[in-house]
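# Results of the structural survey
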Amino acid sequence: MTTSPVCRGATILVTGAGGFLGSRIADRLVLEHGATVRVLLRSLAGASKIATLPVEYRRGDVTDLAAVTDAAEGCDVVMHCASRIEPVVAPEATTTFLGTRTVAYACSTLRAKLVHISSSSVYGIPSPSVVDETAPHRARHRKDAYALAKIAAERLLQQCCKDRGLEAAILQPTMIFGPYSVEWTLTPLSMLQGADIAMADDDRSVCNAVYVDDVVTAAVLAANACDTTCESYLINGKDLLTWTDYLSRHAAMGTPGKIVVVSRERLAQLRAEASGSRSLTRTLIRLLRDQPEIRSALLATRMGGGAFSLLQKYGSRRLMGYVRHRLTGRRDPTITFPKASNLPLRLPPQHFLDLATQTHRYSSAKAERKLAYVPRYSVDTALPRLKAWAEWSRLIGNARQRPPFSTHETDWVD
Amino acid sequence: MEYPIRLAIVGCGTVAERFHAPALRSFQGFSPVVMVDRQLHRAELLKSYFPSCVAETDFTKLREHVDAAIVALPNDLNAMVATQLLQAGISVLVEKPAALNVESARELETAALKGRAKLAVGFIRREALGVRMARMFGDVRIKRFADDSRGGVETNAHIDVETQSGIPGTVELSWTRSLRNTARIVGTRGTLDVEWYMNAARLALPNGLHTLSGEVTGDCRLCGGADAFPMMFLAQLCRWCAWLRDETRAEERVADASDGRRNIELISSCRAMREQMAEPWREGVTAG
């Protein structure tokens with residue numbers, strides 16, 4: 001277990017605890033470090049990932065100073081994970097910035113240590129092949145609202161440490177993958193359910209992937225290193241994989257789709273085809289047809305359920321049949337024969353394509369030197385955990401084969 | 001019982017506002033006359049949906065004014081309020097959970113059996129097609145129960161069950177996963193899936209040669225089931241009204257006090273044999 005004199009048995013506030021990283025931080029602080037964890041949530045609806053834990057709930061917005069001060073009262077450490085992507089507002093008006101400002105003020109007043117979760121995206125697209133914390137802060141482009149907000153928040157935090165004596169540390173994790181990661185785990189797995197993914201045959205990219213548990217370990221270690229110098233630490237994983245490798249590992253978990261290596265010309269052709277078939281109506285209908293959970297969620301709303309009920313009550317059988325066919329792709333009754341084994345070939349999501357052009361590697365050397373951070377997982381060693389979760393989540397394979405009961409398996413802890 | 005039945009809603013929270021009130025507006029069997037909530041503004045909000053209705057903060061004043069009441073309160077208050085209403089001769093549809101423990105559920109059942117008022121329990125998903133199909137197999141016995149609580153509340157549960165005739169089954173419940181949302185019967189000659197929220201079924205042959213999909217129609221007990229969430233509340237209301245007026249067959253009645261008690265007993269027996277759900281991705285990370 002990671003040594004952490006500050007976190008062991010401490011009282012720790014986690015903001016953004018309903019999210020992917022925040023929930024795992026809360027999980028491990030409670031289960032491994034015996035910490036008393038407090039969480040600040042806007043509503044209990046976002047608490048499903050941490051509801052299984054004995055945590056103290058505080059209701060409030062991370063930009064509300066009174067709510068944050070109340071939640072941080074008596075805490076030794078605050079793990080600040082709350083962030084939101086708000087592309088249409090100025091960096092200083094984002095929840096990311098305002099929330100960091102509020103949390104920083106509350107921590108400096110209450111003398112609590114602050115571990116701020118930022119992102120490696122603050123370095124934009126750096127030119128050197130190895131990037132460390134000395135690289136200039138620069139967003140990839142002027143519309144990269146996420147990076148701009150993170151840059152502004154880091155600056156504010158460093159100022160707050162100088163002016164108000166706040167003790168803080170900043171973590172800059174690279175691309176975090178793991179259970180519940182929407183962008184980097186769920187998206188490729190979902191996509192590989194119904195399509196093969198095309199990647200360029202001359203892929204020389206570097207996939208800076210770090211497993212979520214390594215970031216949690218780094219956050220716990222960073223709590224020991226909080227001081228008024230407010231140091232930043234890049235947190236990366238073990239691997240030096242290309243994006244093709246990264247996606248291939250996901251396909252190897254047992255998805256119907258696979259990664260198909262194609263020429264740049266074919267990739268450009270696929271891009272042209274994809275942009276031609278993009279229309280809002282078609283996209284919405286495809287989403288409704290392909291995603292039963294979206295259908296169910298819409299029907300569970302008052303308006304959606306009511307509209308459907310009215311349709312059922314007054315709509316003719318023919319109309320209902322048409323609606324059902326458009327929404328679910330079903331005609332009644334229908335006999336379907338097994339689909340051809342060839343899945344359509346599609347491009348990876350745009351955010352993968354953007355990163356698949358980058359060839360730099362983020363260095364965790366400073367974190368290794370100063371925090372004693374050692375990345376534990378490569379994509380391959382994290383795979384058994386990820387695969388178990390993906391099977392359980394019905395994202396791959398046949399989950400009925402896995403018993404859900406404790407079987408005292410020890411092979412999961414490598 | 002006179003028609004339409006005079007009705008109160010006790011507890012004007014989200015469930016009452018989003019589901020019971022809209023169902024009542026599209027059903028003529030009840031005449032809502034009183035809305036009760038400790039927070040008067042909530043009662044007044046619901047009152048605004050029904051022209052001849054009054055808002056109240058005290059449920060003990062209902063005796064003379066209503067014949068029946070929907071109780072949709074926080075979990076720990078349902079049993080206490082429902083018991084008092086039953087003792088006052090008011091029939092009750094209480095939201096689940098009707099009680100927090102077996103003793104409390106038995107007291108509630110006793111109160112219902114003693115008086116002339118009837119107690120119904122709002123097991124809304126019994127109106128869903130998938131559940132109606134699963135219930136064709138009769139009562140089940142719990143074989144194993146696992147959940148993922150680590151000192152908090154469970155968000156995933158896995159239950160192995162067995163029907164009276166020895167057919168094994170599994171129930172999976174989740175807040176964090178997108179499950180299939182179907183009732184699935186696996187037979188030797190095929191697998192039948194009935195969706196919960198859509199009137200649709202799918203029959204697949206074990207050799208994977210082809211799949212037959214379509215609506216559930218014809219002379220079977222699935223017909224008449226609700227296939228959208230708001231429709232379940234309406235179906236429940238119709239069934240409750242018919243039961244209050246003694247116009248329903250025993251097998252079509254709404255869930256009653258004994259169903260409510262058996263439900264709490266079932267939950268209690270699950271808790272008694274609880275095992276920790278295996279979640280290897282959540283286990284400890286040893287030091288490197």
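Residues numbered from 1 in each chain as written. Chains lettered and ligands numbered in written order. Predicted model: local features only at pLDDT ≥ 70, side-chain atom pairs only at ≥ 80, totals over all residues.

Right, let's get into the sheet that holds strand 7 (residues 168-173) of chain A. Residue and element names in this part refer to chain A. With parallel pairing, the 7 strands of this open sheet are ordered in space as 3-2-1-4-5-7-11. The outermost strands of the open sheet, each flanked by one partner alone, are strand 3 (56-59) and strand 11 (232-235). Averaged over all pairs of adjacent strands, the angle between their axes in this sheet comes to 20°, without regard to strand direction. Helix 1 (residues 20-31) rests against strand 1 (11-15), strand 2 (36-41), strand 4 (77-80) and strand 5 (113-117) of the sheet, and its axis sits at about 165° to strand 1. (Pairing = 2+ DSSP bridges. Helix = DSSP H or I, 4+ residues; strand = E, 2+ residues; numbered from the N terminus. Axes fitted to C-alpha atoms, helices over the stretch in contact; angles between N-to-C directions. Contact = placed C-beta atoms within 7 Å.)

Angle between the axes and distance between the axes: these two values describe a pair of packed helices. Residue and element names in this part refer to chain A. Two elements in contact, helix 3 (residues 95-110) and helix 4 (residues 145-164), have axes separated by 9 Å at closest approach and are oriented at 20°. Comparing the axis directions of helix 3 and helix 4 gives the class roughly parallel. Taken as a pair, helix 3 and helix 4 cross one another with a handedness that is right-handed. Where helix 3 approaches helix 4, its residues Thr-96, Phe-97, Thr-100, Arg-101, Ala-104 and Ser-108 are matched on the opposing element by Ala-149, Lys-150, Ala-152, Ala-153, Leu-156, Leu-157, Cys-160 and Arg-164. Looking at the contact of helix 3 with helix 4 residue by residue, the class counts come to 8 nonpolar, 3 polar and 3 charged. (Parallel < 35°, antiparallel > 145°, perpendicular 65-115°, else oblique. Left-handed = near helix turned anticlockwise from the far one by under 90°. Nonpolar A, V, L, I, M, F, W, Y, C, P; charged D, E, K, R; others polar.)

All names here are of chain B. Burial along strand 6 (residues 119-122) is two-sided: Leu-119 and Val-121 and Ala-120 and Gly-122, pointing in opposite directions, are all buried. The pairing of strand 5 (residues 91-95) with strand 6 spans 4 bridges and is classified as parallel. When the sheet's bridge partners are listed, Glu-95 is paired in strand 6 with Gly-122. Between the parallel elements strand 5 and strand 6, the chain passes through helix 4 (residues 102-114) in a crossover that is right-handed. (Buried ≥ 20, exposed ≤ 12 C-beta atoms within 10 Å, placed from the backbone. Right-handed = clockwise from strand over helix to strand, strands pointing away.)

Here we take up the packing of helix 2 (residues 65-72) of chain A against helix 3 of chain A. Residue and element names in this part refer to chain A. Look at helix 2 against helix 3: their axes get within 9 Å of each other, and the N-to-C directions meet at 45°. Judged by the angle between their axes, helix 2 and helix 3 are oblique. Relative to helix 3, helix 2 is oriented so that their crossing is right-handed. Residues Leu-65, Val-68, Thr-69 and Ala-72 of helix 2 form the contact with helix 3, whose own contacting residues are Thr-102, Val-103, Tyr-105, Ala-106, Cys-107, Thr-109 and Leu-110. Of the residues contributing to the contact of helix 2 with helix 3, the split by class is 8 nonpolar, 3 polar and no charged.

Right, let's get into the domain arrangement of chain B. The domains assigned to chain B are domain 1 (5-126 + 231-256) and domain 2 (129-225). Here the C-alpha centre of domain 2 of chain B lies 29 Å away from the C-alpha centre of domain 1 of chain B. (Domains from an automatic or database assignment.)

With that out of the way, let us pick up the nonpolar core. In this structure, Ala-26, Ala-218, Ala-219 and Ala-222 of chain A are the most contacted members of the largest nonpolar core, which totals 116 residues. Tallying contributions element by element places helix 4 of chain A first for this core, with 10 residues. Not counting the four nearest positions on each side in its chain, Ala-26 of chain A is found in contact with Val-14, Ala-17, Val-37, Val-39, Ile-50, Leu-53 and Val-55 of chain A. The next biggest cluster of nonpolar side chains, apart from the first, holds 70 residues, and it includes Met-35, Leu-62, Phe-229 and Met-231 of chain B. (Core = buried A, V, L, I, M, F, W, Y, C linked by C-beta atoms within 7 Å.)

Bringing the environment of Arg-266 of chain A into the picture now. Residue and element names in this part refer to chain A. With respect to the secondary-structure elements, Arg-266 resides in helix 8 (residues 264-276). Classification of Arg-266 by C-beta neighbours within 10 Å gives partly exposed; the count is 15. Measuring from C-alpha to C-alpha, the distance between Arg-266 and Thr-63 comes to 47 Å, with 203 residues separating the pair along the chain.

With that settled, the discussion passes to the confidence of the model for chain B. Taken over all residues, the pLDDT of chain B has a mean of 87, while the share at 70 or more is 90%. The complex prediction reports pTM at 0.83, with the ipTM value standing at 0.81. (pLDDT = per-residue confidence, 0-100.)

Looking now at the sheet that holds strand 3 (residues 54-56) of chain B. Residue and element names in this part refer to chain B. With parallel pairing, the 6 strands of this open sheet are ordered in space as 3-2-1-4-5-6. Every other strand in the sheet has two partners, leaving strand 3 and strand 6 as the edge strands with one partner each. Averaged over neighbouring strand pairs, the angle between their axes works out to 25° when direction is ignored. Most of the contacts of helix 2 (residues 40-47) go to strand 3, to which it runs at about 160°, and overall it touches strand 1 (5-10), strand 2 (30-36) and strand 3.

Further remarks concern the pairing of strand 5 of chain A. Residue and element names in this part refer to chain A. The buried count for strand 5 comes to 5 of 5 residues, which makes it a mostly enclosed element. Alternating positions in strand 5 separate into two faces, Lys-113, Val-115 and Ile-117 on one and Leu-114 and His-116 on the other, with burial throughout. Of the strand pairs in this sheet, strand 4 and strand 5 are connected by 4 bridges, and their pairing is parallel. The partner of Val-77 across the bridge, within strand 5, is Lys-113. Of the crossover connections in this fold, the one passing from strand 4 over helix 3 to the parallel strand 5 is right-handed. Of the pairings in the sheet, the one linking strand 5 to strand 7 comprises 4 bridges and is parallel in character. From the neighbouring strand, His-116 faces strand 7, where its bridge partner is Ile-170.

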